[in-house]
Amino acid sequence: PNVRVLFPKHVNQLLNVDAGEKMNARSVSFALLRFVRVVSSSRHPVMLFLDDIQWADSTALDVIHTILSDTMGSYMLFVGAYRDNEVQVDHPIFDLIERLKISNVRATKVSLSGLDQEDVNTMISDALCLCPRACKSLSGIVFQKTKGSPFFVLEFIKSLKSRGLLQYNFHQKRWVWNEDIIRAEDITDNVLHLLSSK
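Please read all numbers here as calculations on a predicted model, not as lab measurements.

Participant: Which parts of the structure should I look at to understand the packing of aromatic side chains?
Facilitator: Ring pairs (aromatic) are described by centroid distance and by the angle formed between their planes. On inspection of all chains with the given rule, the structure shows 4 aromatic pairs. Members of the aromatic cluster, connected to one another through ring pairs, are Tyr168, Phe170 and Trp175.

Participant: Help me understand the environment of Ala60, please; the structure alone is not making it clear to me.
Facilitator: Within the fold, Ala60 resides in helix 4 (residues 58–68). Spatially, the C-alpha atom of Ala60 lies 7.5 Å from that of Ala25, the residues being 35 residues apart in sequence.

Participant: Whenever I open this one, the layout of surface pockets confuses me. Can you help?
Facilitator: The rolling of a water-molecule-sized probe over the atoms marks out the regions of remaining empty space. Here the largest pocket defines a volume of roughly 1800 Å³. Lining of the largest pocket is provided by 46 residues; of these, Val79, Gly80, Ala81, Tyr82 and Val110 occupy positions nearest its centre. Among the elements of the structure, helix 4, strand 2 (76–80), helix 5 (92–102) and helix 8 (150–162) are those that each provide at least two residues to the lining of the largest pocket. When residues of the lining of the largest pocket are assigned to their parent elements, the largest contribution, 6 residues, is made by helix 5. Looking at the lining of the largest pocket residue by residue, the class counts come to 25 nonpolar, 12 polar and 9 charged.

Participant: What is the right way to look at the pattern of salt bridges in this model?
Facilitator: Working definition: two side chains of opposite charge can pair if their charged atoms are close together. Using the criterion set out here, one finds 7 salt bridges in the structure. For Arg183, the salt bridge is made with Asp180, and the minimal N-O distance between the two is 3.6 Å. With Arg183 and Asp180 both in helix 9 (residues 179–184) and 3 residues apart, this pair spans about one turn of that helix. A residue is classified by how much of its surface remains accessible, and Arg183, at 41% relative accessible area, is partly exposed. Take Asp180: its relative accessible area is 58%, and that puts it in the exposed class. Salt bridges here are not isolated pairs; linked through shared partners, they connect Asp52, Arg83 and Glu86.

Participant: Got a minute to help me understand the packing of helix 7 (residues 132–146) against helix 8 in this structure?
Facilitator: For any two helices packed against each other, one specifies the crossing angle of their axes together with the interaxial distance. Where helix 7 contacts helix 8, the axes come no closer than 10 Å and their chain directions differ by 120 degrees. One finds that helix 7 runs oblique with respect to helix 8. Helix 8 is crossed by helix 7, and the crossing has right-handed handedness. Contacts between helix 7 and helix 8 pair Leu138, Val142, Lys145 and Thr146 from the former with Phe152, Val153, Phe156, Ile157 and Leu160 from the latter. Classifying every residue of the contact of helix 7 with helix 8 gives 7 nonpolar, 1 polar and 1 charged.

Participant: Would you take a moment to explain unusual backbone geometry for this structure?
Facilitator: Peptide bonds are mostly trans, and most non-glycine residues show a negative phi. Positive phi, normally seen in glycine, also occurs at Asp52, with a value near 55 degrees. Position of Asp52 relative to the elements: it lies in the loop between strand 1 (46–50) and helix 4. A relative accessible area of 18% means that Asp52 is categorised as buried. Phi at Lys147 takes a positive value of approximately 60 degrees, unusual for a residue other than glycine.

Rules and cut-offs
Residues numbered from 1 in each chain as written. Predicted model: local features only at pLDDT ≥ 70, side-chain atom pairs only at ≥ 80, totals over all residues. Heavy atoms only, no water. Phe/Tyr/Trp six-rings, centres within 6.5 Å; stacked < 30°, edge-to-face > 60°. Helix = DSSP H or I, 4+ residues; strand = E, 2+ residues; numbered from the N terminus. 1 Å grid on protein atoms, 1.4 Å probe; cavity = no way out; pocket = protein on both sides within 12 Å on 5 of 7 lines; lining within 4 Å. Points joined across faces, edges and corners; volume = space filled by probe spheres on them. Nonpolar A, V, L, I, M, F, W, Y, C, P; charged D, E, K, R; others polar. Salt bridge = Lys/Arg side-chain N within 4 Å of Asp/Glu carboxyl O. Buried < 20%, exposed > 50% of the residue type's maximum accessible area, 1.4 Å probe, protein only. Axes fitted to C-alpha atoms, helices over the stretch in contact; angles between N-to-C directions. Parallel < 35°, antiparallel > 145°, perpendicular 65-115°, else oblique. Left-handed = near helix turned anticlockwise from the far one by under 90°. Contact = heavy atoms within 4.5 Å.

What follows is the structure, encoded as structure tokens:
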């Protein structure tokens, strides 16, 4: 709606498709490319972030390639995230990366891994306002159960607090927990619950 107000002539041209006509990948590419050209400039580039592109099919990746390889005046920063443990060597993502190289599109690959145990300890000690050595036992359990995934560390800690397994003790003026109960927690069930409740 706001884009229509800013660029009424251009948006109306882009959206001038009969209601009964289904847009194919080529027309989607064309419409998106024109849109990016209209709304982007060297001073105000468009940033597009797509998560979980390991689930994108080759047609969707073709649309991405068309937009990113445009040389006629679109200014875009594209960030695509995928889980490397969910793609095989023949996945279309790698074909997209290769075609972007051929099209002289600058690309940087950044591989992210989970936090190590010391980082998890730092994260938890900061969150609980405790010195790192006071959290070592808790962070060791959390690291073991989450494999250092920052998302799962945070969600697991929230889950422990919401279920009363991590509590603030006003007499001691600090956070307290029962290591044996937390160690007995099944992270698989918790992760599925955490994801389904989002």
